[in-house]
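Fold and geometry: a report
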Amino acid sequence: MAEAMTRELGQPVIVENKPGAGGLVGAEAALQAAPDGYTLLAVSPALVINPLMHPDKKTYDPLKSFDPVTVMANTHQLIVAHPSAGVKNMRELIDYAKKNPGKLNYGSAGTGSATHLNMEMVLAMAGIDVVHVPYKGSTQARQGVLAGQVQLASDGLLPLQPPIKDGRLVAIGLMSTKRAQSNPEIPTIGETVKGYHSDTWYGVVAPAGVPKDVLAKLHAAAVKGLTQPATRERLEPRRRDRGQLAGGIPRPHRSRAPHLVQGGEGPRRQAQVRPRASTRLRELIARGPTLYVPGCYNAMSAKVLANAGFEAIYMTGYGTSLSLTGYPDVGLTTMGEMVANARYIAEASGLPVIADADTGFGNAINVIRTVREYIGAGVAGIHLEDQVSPKRCGHVAGRLVIPLEEAVGKIRAAADTRDELDPDFVLVARTDARGAHGGSLDEAIRRVNAYLEAGADLAFIEGPTAVDEIHRILREVKGPVFYNMTGVSPRFTQEEMRALGIAVCISPNAMLRSALAAMHDLAAQMKADGPVAETRFMEGFRRHPLGDLHTFAGFDQVRAWEREYLGEEAMAKYAGSVGHQPK
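Residues numbered from 1 in each chain as written. Predicted model: local features only at pLDDT ≥ 70, side-chain atom pairs only at ≥ 80, totals over all residues. Heavy atoms only, no water.

With that settled, the discussion passes to the nonpolar core. Nonpolar side chains tend to gather and get buried jointly when the protein is soluble and globular. Judged by nonpolar contacts, the single largest core of 51 residues is most densely connected at Y374, I382 and V477. Residue contacts for Y374: discarding those within four places in its chain leaves M315, M338, V339, A342, A355, D356, A357, F361, V379, I382 and F425. Core analysis: the next-biggest nonpolar cluster, separate from the first, contains 22 residues, I79, L93, V130 and Y196 among them. (Core = buried A, V, L, I, M, F, W, Y, C linked by side-chain atoms within 4.5 Å. Buried < 20%, exposed > 50% of the residue type's maximum accessible area, 1.4 Å probe, protein only. Contact = heavy atoms within 4.5 Å.)

One way to put it is that helix α15 (residues 335–349) packs onto helix α16 (residues 364–376) with a least axis distance of 9 Å and a crossing angle of 25°. Between α15 and α16, the crossing angle belongs to the class labelled roughly parallel. Here α15 runs over α16; the crossing is right-handed. Residues M335, M338, V339, A342 and R343 of α15 pack against R369, T370, E373, Y374 and G376 of α16. (Axes fitted to C-alpha atoms, helices over the stretch in contact; angles between N-to-C directions. Helix = DSSP H or I, 4+ residues; strand = E, 2+ residues; numbered from the N terminus. Parallel < 35°, antiparallel > 145°, perpendicular 65-115°, else oblique. Left-handed = near helix turned anticlockwise from the far one by under 90°.)

Next up on the list: the sheet that holds strand β8 (residues 200–207). Reading across from one edge, β1-β8-β2 is the order of the 3 strands in this open sheet, with antiparallel pairing throughout. Both edges of this open sheet fall to β1 (41–43) and β2 (66–75), since each of them pairs with a single strand only. With direction set aside, neighbouring strand axes in the sheet form an average angle of 20°. Taken together, the 8 bridges between β2 and β8 define a ladder with antiparallel strand orientation. The residue of β8 that forms the bridge with V71 is G203. (Pairing = 2+ DSSP bridges.)

To continue, consider the layout of surface pockets. Of the volumes computed, that of the second largest pocket is approximately 890 Å³. As for the second largest pocket, its lining consists of 27 residues, and the residues nearest its centre are M300, A515, A518, F537 and F541. At the level of secondary structure, the elements contributing two or more residues to the lining of the second largest pocket comprise α13 (299–308), α21 (510–529), α22 (531–541) and α23 (549–553). The leading source of residues in the lining of the second largest pocket is α21, at 8 residues. (1 Å grid on protein atoms, 1.4 Å probe; cavity = no way out; pocket = protein on both sides within 12 Å on 5 of 7 lines; lining within 4 Å. Points joined across faces, edges and corners; volume = space filled by probe spheres on them.)

Below, the structure written as structure tokens:
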């Protein structure tokens, strides 16, 4: 939107994020600006809700304090149910709730949020009693219903499409006036609860008093900018009804060249369109109760973990530094090196990857670019730590942490960048305060709670040293806990972690250590016995599940691609050729 208006107005339109209190912080900042058209406010239904939720603060009058500029978008919200609820549509939900008042519950993005108020209006008009469970945001509420913590939830259509499609959630009804073009099979709630509808909107307003001719100019620039093809291509796929765009772009005509006889199965035929890695990771975490994620240090070790059947993996910063540069984990690797390794790992494994992003490689401004780069690399999430740069391994003495205010600013910058580019991107906030010079567990808990409030998805306290500390962390941290089971920290079984309620656990360097041990042992034998040691090793390696190195590396896939895209004539080179024959 800002870019589009910049083009139309011929001067820069700068976005300044001021999150907090459901949009109240940003609204109050806009009210303090002069009504000259140079300060605008992006708004949602929260603009109307906030004064009603905070009548004691006498914040503003949504009808008198602002002048409308334009509506940017209308989006679809809907009610979904976990399959265990046993209801498939609005009629079944009403019938069950009337027979079992107070036995169902629903998750919302928080008390006073649009999802909360919309749902309460549904319940009031339907005459049913369902218990409200407020979460800290729509993502957490969505995770709650996916995990079966609540039976019902309200959220946007776009993020709910994958779990509805694969049967993990049941679409009960759309809150909007009309059915969605992208999902015409989902009825509206108004088809059952007569008179109900609630269309969710996003718009732009200005402080009251802006001259009418200035408002008209701003409105014209906004509308023209929004209707430009380049703007629509960027905005509509991210809106809640992707069908608006899908019908307008013809599929390219794809035919084979008549002189080629091709027969392979190329990548487009082998794979279905999958959700983004970030979406898949959030769904894995929501499935719970504990997602165990082993660490890898390069693309090869990532492929090994994928071959073993893991659904998500972690990129270790320690392993990246040691394997790539030969240096220990003391902040000597650059952002470019870390992001490149993360990209190779994500590409090679095809799995959701949580990557170490160290301190974000600078201050909050550097963090913005860091998050952009990791999202562009195709990883599903990162963790950022609050150490002084240059940092060091969280299980090695000598760590220092930055002031809390600075650390919160970095998490806010990361969260805003996430929300702009990929709202499902998982942001893990790590503190090293527990083991830092002069640090304590009290300070660590205080910090991660502040980071969660600033927009982090999971809290990561590095280096707890006792089981009692883990219990306290899980008791006092106000959000999902990410645990690093290595170094000075206690070890648990999978069952123990589930009982404790740990959301995600990583084992960062087991693969690195096992590779070091195996390579050292073979190197020692080769030094002692010469080439016969390698011959002896190969005799045993051929019987290993990964003993066919060429197949593991992917030569079969390369041959399939050659057949698919180069034609049968290209396959003649394999006849009579010496060496491994890909299948």
